[in-house]
Amino acid sequence: MKYNVAVIGGGVVGALILRELSKYDLSIVLLEKENDVAMGATKANSAIVHGGFDAKTGTLKAKFNVRGTEIMPEICKELNVPYRNNGSLVLAFSDEEVEHIKELYARGVANGVPEIEIIDGDRVRELEPNVSDEVKGALLSKTAGIVCPYELTIAATENAVTNGAEFLRNCEVTAIREENDVFVLSTTLGEIEADYIVNAAGNHSDEIAAMIGDNSIKLTARKGDYYLLDKSYGGMTDHTLFQCPNKMGKGALITPTVDGNLLIGPSAVDQEDKDDVDTSPEGLEFVAAKAFRSIPSLNLRGAITSFAGIRAHDESDDFVIGFSEKNSKFINCAGIESPGLSAAPAIAEYVEKLLTEKIGANKKESFNPVREAPVRFRNMAKSDREQLIKKNSAYGRIICRCETVTEGEIIDAIRAPAGARDVDGVKRRTRAGMGRCQGGFCGSKVVEILARELGVPMNEITKFGRGSKIIYDRTK
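What comes next concerns the included structure. Quick caveat: nothing in here was measured; it's all calculated off a predicted structure. (Residues numbered from 1 in each chain as written. Predicted model: local features only at pLDDT ≥ 70, side-chain atom pairs only at ≥ 80, totals over all residues. Heavy atoms only, no water.)

**Quick notes on the overall build of the protein**
So, step 1. When helices and strands are tallied, the protein shows 12 helices and 22 strands.
So, step 2. Computed over C-alpha atoms, the radius of gyration of the protein comes to 22 Å, within 12% of the 23 Å expected from 2.2 N^0.38 for 476 residues, which places it in the range of a compact globule.
So, step 3. By principal-axis analysis of the C-alpha atoms, the protein measures approximately 60 × 60 × 45 Å.
So, step 4. Burial status across the protein gives 57% buried among its 476 residues.
So, step 5. Across the protein, contacts joining residues at least 24 apart in sequence account for 72% of those joining residues at least 6 apart.
So, step 6. Accessible surface, the protein: about 20,300 Å² in total, of which carbon and sulfur atoms supply 47%.
So, step 7. Each charge class in the protein was averaged separately, 59 positive and 70 negative side chains, and the resulting centres sit 5 Å apart. (Helix = DSSP H or I, 4+ residues; strand = E, 2+ residues; numbered from the N terminus. Rg over C-alpha atoms; globule rule 2.2 N^0.38 Å. Buried < 20%, exposed > 50% of the residue type's maximum accessible area, 1.4 Å probe, protein only. Contact = heavy atoms within 4.5 Å. Areas by Shrake-Rupley, 256 points an atom, 1.4 Å probe, with all protein chains shown as cover. Lys, Arg positive; Asp, Glu negative; His and termini not counted. Charge placed at Lys NZ, Arg CZ, Asp CG, Glu CD.)

**Side note on a negative patch on the surface**
So, step 1. A cluster of like negative charges, contributed by Glu272, Asp273, Asp275 and Asp278, occupies part of the molecular surface.
So, step 2. Note that Asp275 resides in the loop between strand S17 (269–271) and helix H7 (281–294).
So, step 3. On the accessibility criterion, Asp275 (47% relative accessible area) is partly exposed. (Patch = residues over 30% accessible without salt bridge, like charges linked within 9 Å, V, L, I, M, F, W, Y side chains within 5 Å. Salt bridge = Lys/Arg side-chain N within 4 Å of Asp/Glu carboxyl O.)

**As for the packing of helix H1 (residues 12–21) against helix H5 (residues 149–162)**
So, step 1. Where H1 meets H5, the axes come as close as 8 Å, and the angle between the chain directions of the two elements is 30°. In this view, H1 runs roughly parallel relative to H5, as classed from their interaxial angle. Remark: the crossing between H1 and H5 carries left-handed chirality. Residue-level contacts link Val12, Ala15, Leu16, Leu18 and Arg19 of H1 to Pro149, Leu152, Thr153, Ala156, Thr157, Asn159 and Ala160 of H5.
So, step 2. Taken together, the residues of the contact of H1 with H5 break down into eight nonpolar, three polar and one charged. (Axes fitted to C-alpha atoms, helices over the stretch in contact; angles between N-to-C directions. Parallel < 35°, antiparallel > 145°, perpendicular 65-115°, else oblique. Left-handed = near helix turned anticlockwise from the far one by under 90°. Nonpolar A, V, L, I, M, F, W, Y, C, P; charged D, E, K, R; others polar.)

**Here's the deal with the packing of aromatic side chains**
So, step 1. This model, assessed by the stated rule, comprises three aromatic pairs.
So, step 2. Between Phe183 and Phe330, the ring centres sit 6.3 Å apart and the planes meet at 65°, which makes this aromatic pair edge-to-face. Of this pair, Phe183 sits in strand S11 (residues 182–187) while Phe330 is found in strand S20 (residues 327–334), placing the two residues 147 residues apart along the sequence.
So, step 3. Owing to a relative accessible area of 0%, Phe330 belongs among the buried residues under this scheme.
So, step 4. For the pair Tyr226 and Phe307, a centre-to-centre distance of 5.0 Å together with 15° between the ring planes defines the contact as stacked. (Phe/Tyr/Trp six-rings, centres within 6.5 Å; stacked < 30°, edge-to-face > 60°.)

**Let's talk about helix H12 (residues 443–454)**
So, step 1. With 12 residues, H12 extends 16 Å between its outermost C-alpha atoms, agreeing within 8% with the 16 Å of an ideal straight helix rising 1.5 Å per residue.
So, step 2. Here H12 has its buried residues at Gly443, Val446, Val447, Ile449, Leu450 and Ala451.
So, step 3. On the buried face of H12, the contacting elements are strand S21 (398–400), helix H10 (407–415) and helix H11 (423–430).
So, step 4. Taken from the residues just after H12, Gly455 is the one with a positive phi, measuring 70°. (Expected span 1.5 Å × (residues − 1).)

**Concerning the environment of Glu115**
So, step 1. Relative to the assigned elements, Glu115 resides in the loop between helix H3 (95–111) and strand S6 (116–120).
So, step 2. Spatially, the C-alpha atoms of Glu115 and Asp276 are 39 Å apart, while their sequence positions differ by 161 residues.
So, step 3. Leaving out residues up to four positions away in the same chain, Glu115 has contacts with Leu140, Ser141, Lys142 and Thr143.

**Some thoughts on the pairing of strand S16 (residues 262–265)**
So, step 1. Of the two faces of S16, both are covered, the one formed by Leu262 and Ile264 as well as the one formed by Leu263 and Gly265.
So, step 2. Taken together, the three bridges between strand S13 (residues 219–229) and S16 define a ladder with antiparallel strand orientation. In the sheet register, Leu228 faces S16, and the bridge partner there is Leu263.
So, step 3. Direction of pairing for strand S15 (residues 253–256) relative to S16: antiparallel, over a ladder of four bridges. Its bridge partner being in S16, Thr255 is matched across the sheet by Leu263.
So, step 4. Connecting S15 to the antiparallel partner S16 that follows it, the hairpin turn spans five residues, and Gly260 within it adopts a positive phi of roughly 100°. (Pairing = 2+ DSSP bridges.)

**A closer look at H10**
So, step 1. With seven of its nine residues buried, H10 lies for the most part within the structure.
So, step 2. On its buried face, H10 sits against S21, strand S22 (405–406), H11 and H12.

**Observations regarding a nonpolar patch on the surface**
So, step 1. Where nonpolar side chains cluster on the molecular surface, the patch consists of Tyr105, Val109 and Ile118 and spans about 240 Å² of accessible area.
So, step 2. As for its placement among the helices and strands, Tyr105 is situated in helix H3.
So, step 3. Residue classification places Tyr105 among the partly exposed positions, given a relative accessible area of 32%.

**Section: the pattern of salt bridges**
So, step 1. Considering all chains together, one arrives at 36 salt bridges under this definition.
So, step 2. Notably, a salt bridge pairs Arg429 with Asp36, separated by 2.7 Å at the nearest N-O pair. Linking Arg429 in helix H11 with Asp36 in the loop between strand S2 (28–31) and strand S3 (48–49), this pair joins segments that are 393 residues apart in sequence. Here the two residues Arg429 and Asp36 agree in accessibility, since each one is buried.
So, step 3. Ionic pairing is found between Asp259 and Arg431, a salt bridge with its closest N-O pair at 3.1 Å. Here Asp259 is found in the loop between S15 and S16, whereas its partner Arg431 is found in the loop between H11 and H12, with 172 residues between them in sequence. Here the two residues Asp259 and Arg431 agree in accessibility, since each one is buried.
So, step 4. Each of Arg397, Glu407, Arg415, Arg452 and Glu453 takes part in one network of salt bridges that share partners.

**Some points on the pairing of strand S10 (residues 173–179)**
So, step 1. Summarising the sheet, S10 and S11 pair through six bridges and their orientation is antiparallel. Within S11, the residue paired with Arg177 across the bridge is Val184.

**Quick look at the nonpolar core**
Nonpolar side chains tend to gather and get buried jointly when the protein is soluble and globular.
So, step 1. In terms of nonpolar packing, the biggest core is built from 52 residues, with Val13, Ile17, Leu152, Cys333, Ile347 and Val351 touching the most fellow members.
So, step 2. Listing elements by their share of this core, those giving two or more residues are strand S1 (2–8), H1, S2, helix H2 (60–79), H5, strand S12 (190–199), S20 and helix H8 (340–359).
So, step 3. Here this core takes eight residues from H8, the largest share from any one element.
So, step 4. Apart from the residues within four sequence positions on either side, Ile17 is in contact with Val7, Val198, Cys333, Ala348 and Val351. (Core = buried A, V, L, I, M, F, W, Y, C linked by side-chain atoms within 4.5 Å.)

**A few points about the sheet that holds S3**
So, step 1. Pairing within the open sheet is antiparallel, and its three strands lie in the order S3-S8-S4. Strands with a single pairing partner mark the edges of an open sheet, and in this sheet they are S3 and strand S4 (83–84).
So, step 2. Pairing between S4 and strand S8 (residues 145–147): two bridges, direction antiparallel. Counterpart to Tyr83 in the pairing with S8 is Val147.

Written out as structure tokens, the structure is:
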């Protein structure tokens, strides 16, 4: 298998880079070691499109955050991904914190962030009546928003594949060598050749860089715990509510999601294990305490699940993006922690320019930037539902009652370009299993549909790929 460009890592950055490169007459491939895209930091983060005032002026974080937030709405429109410009508030609970948000305001102005202002406590409570009476003021960022990170990643991958890119799942890169000016990647699917490599491997991007002798990337795995609350609590706030940030990050937040839930978190704990995403009592207690400070009336009885994600923190406290000093045909995209989701469209745009100028690639006339909107039965009018069911009766069978997901939608998710191959893949594409019961009622039906559509026995279906079989054998 020989390609012009191999992108390693199927997170939001890798997927958007793949989509940008699919605009050109290039043979490109996305290599993902897991059973699906969006399996690392992308599937478990705050889902925030930040305004861009927090990153230090002059850093890559600041540059790509502001640009990424600017172009995110149009990209989401092209890819038919839910996006909402809800704005954000950084709350100040003391005179000292009021001075801190003034510093953030000045930094935002220096970074080129539009539509930011400092408001007093009364104005904060006008905007958000549930906010604590102790709040003395806030920094309001009107351009901030929310997006679903894994939906964006899935949509970008689908669009890239539709435009000629290839996606190889369960393809872990174990070694890289160079022969005759061509990279040879040893993978779990065999050897793959590529003229250029983009390293977007998230928490493991330092290990990928080391395979070409580049030991300049120094990553720390930083875990964050979250609570997700039922949709009945989604109206507790309209804006994303931050507290004053510290050296470990932007602090715990409370935010609505694009699907109507309420998300609170994260904590921030450095650890050695890059893949340990178990929640901890201490992390969840920290998150809860921070959340109650912002909204005292918050009730965690509404929590339907908790989870943890790991972000890759580079010792430079900035993104590492550009050609490696060890090899001018190898691009690193490392240390992509917050505001990585916000910055991802701009990072992809930048990497596209770096590569295509070096290669001398030509754009192809056939590129289609639009990903067809998936059916979302829960959002359709009754008359539209009836017409859809007449065309295909599978849309008349509700599989997930909590989220009103039909069999037709699940089939679509499996048959799509780079489609679902496991239960969590269906979940991320359709929301089947994301409601109050967390798959308690619909999970077995999803397994049945996957087995039928993929033509495999049910005991081969997994929750999220290797090591996660749901059914091991039959009983009598």
